Amino acid sequence: MFSPNSLKKYYFFFLLFFTINNIKAQFSINNPIYFTSELTAGNYLGVDIHFNYLLNEEYSFKMGYSGHLREPKSAPYNYSPGFFGILSFGLKNPFDKLGNYHVMAGRIYNLNKKGTIRANISLGLGLAVIKEPTNWQILERGLLYQNYTFDYNKYYTLGLILNPKIEFPFTKYFGLTLSPMLQINKDRTYIGIGIGHMIGPLRREAPEEDL
């Protein structure tokens, strides 16, 4: 048998548990955290990944990474990856590499009443990691192998990031993105556009077909 004091304790802990879960649910609905990733194309090719946080579905904060590649500007005119380089699908080829770790803040603008189209205009700072092949040395090894060796020069620089993303949260938990991006620093400028998806609690209410 439960005593009155025991019942009071169980009631208190049940009420506390219910309150905490209700607060947690409300926070998740009003302040969602979701994941986005895009394939990008511009003066480099690459990918963008971000963790996004919305405050009251009005302000956005995100942190993420972008990684981009292009053919090296410093490559000799007669560089060849060789037959085995072609078979490796370019994985062993030299590239100009531009990585960027960034944090951004912005503003959300709903473009329709349902909230299934919105603009996420964000601006922030990025730490660019630039790797470029250098010290090219010619080799005489025939057509099967690449005809130059090279080293990578790696350095870092700070810059600005502008990312006026269009988001399409068609359901409460999945959507698509169209993501122009501009990265500016003293050594490199990246300009391109990405197409991708978004996963997580994306918005407060779903359209009628999701209810």
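Anything mentioned here points back to the structure above.
Okay, so let's go over this structure. From a predicted model like this one, the values you see are computed outputs, not experimental measurements.

**Considerations on the pairing of strand β1 (residues 33-42)**
Here is step 1 of the chain: Across nine bridges, the pairing between β1 and strand β2 (residues 45-55) is antiparallel. Within β2, the position partnered with threonine 36 by the bridge is histidine 50.
Here is step 2 of the chain: As paired elements, β1 and strand β8 (residues 189-199) share eight bridges and run antiparallel to each other. In the strand pairing of β8, glycine 42 is matched with glycine 192.

**A word on a nonpolar patch on the surface**
Here is step 1 of the chain: A cluster of nonpolar side chains, Phe51, Met63, Val103, Leu123, Leu125, Leu160, Leu162 and Ile184, forms an exposed patch at the surface whose accessible area comes to about 790 Å².
Here is step 2 of the chain: With respect to the helices and strands, the residue phenylalanine 51 is situated in strand β2.
Here is step 3 of the chain: Exposure remark for phenylalanine 51: the relative accessible area of 53% places this residue in the exposed category.

**Quick look at the pattern of salt bridges**
Here is step 1 of the chain: Tallying each qualifying case throughout the model produces five salt bridges.
Here is step 2 of the chain: Residue aspartate 96 pairs with arginine 70 through a salt bridge whose shortest N-O separation is 3.3 Å. On the criterion of sequence distance, the pair formed by aspartate 96 in strand β4 (residues 96-110) and arginine 70 in strand β3 (residues 59-70) is long-range, its members being 26 residues apart. When sorted by exposure, aspartate 96 lands in the same class as arginine 70, which is buried.
Here is step 3 of the chain: In this structure, the salt-bridge partner of glutamate 132 is arginine 188, at a minimum N-O distance of 1.7 Å. Note that glutamate 132 is positioned in strand β5 (residues 118-138) and arginine 188 in the loop between β7 (174-185) and β8, a separation of 56 residues in sequence.
Here is step 4 of the chain: Looking at glutamate 132, the relative accessible area reads 16%, which means it is buried.

Cut-offs applied
Residues numbered from 1 in each chain as written. Predicted model: local features only at pLDDT ≥ 70, side-chain atom pairs only at ≥ 80, totals over all residues. Heavy atoms only, no water. Pairing = 2+ DSSP bridges. Helix = DSSP H or I, 4+ residues; strand = E, 2+ residues; numbered from the N terminus. Patch = residues over 30% accessible without salt bridge, like charges linked within 9 Å, V, L, I, M, F, W, Y side chains within 5 Å. Areas by Shrake-Rupley, 256 points an atom, 1.4 Å probe, with all protein chains shown as cover. Salt bridge = Lys/Arg side-chain N within 4 Å of Asp/Glu carboxyl O. Buried < 20%, exposed > 50% of the residue type's maximum accessible area, 1.4 Å probe, protein only.

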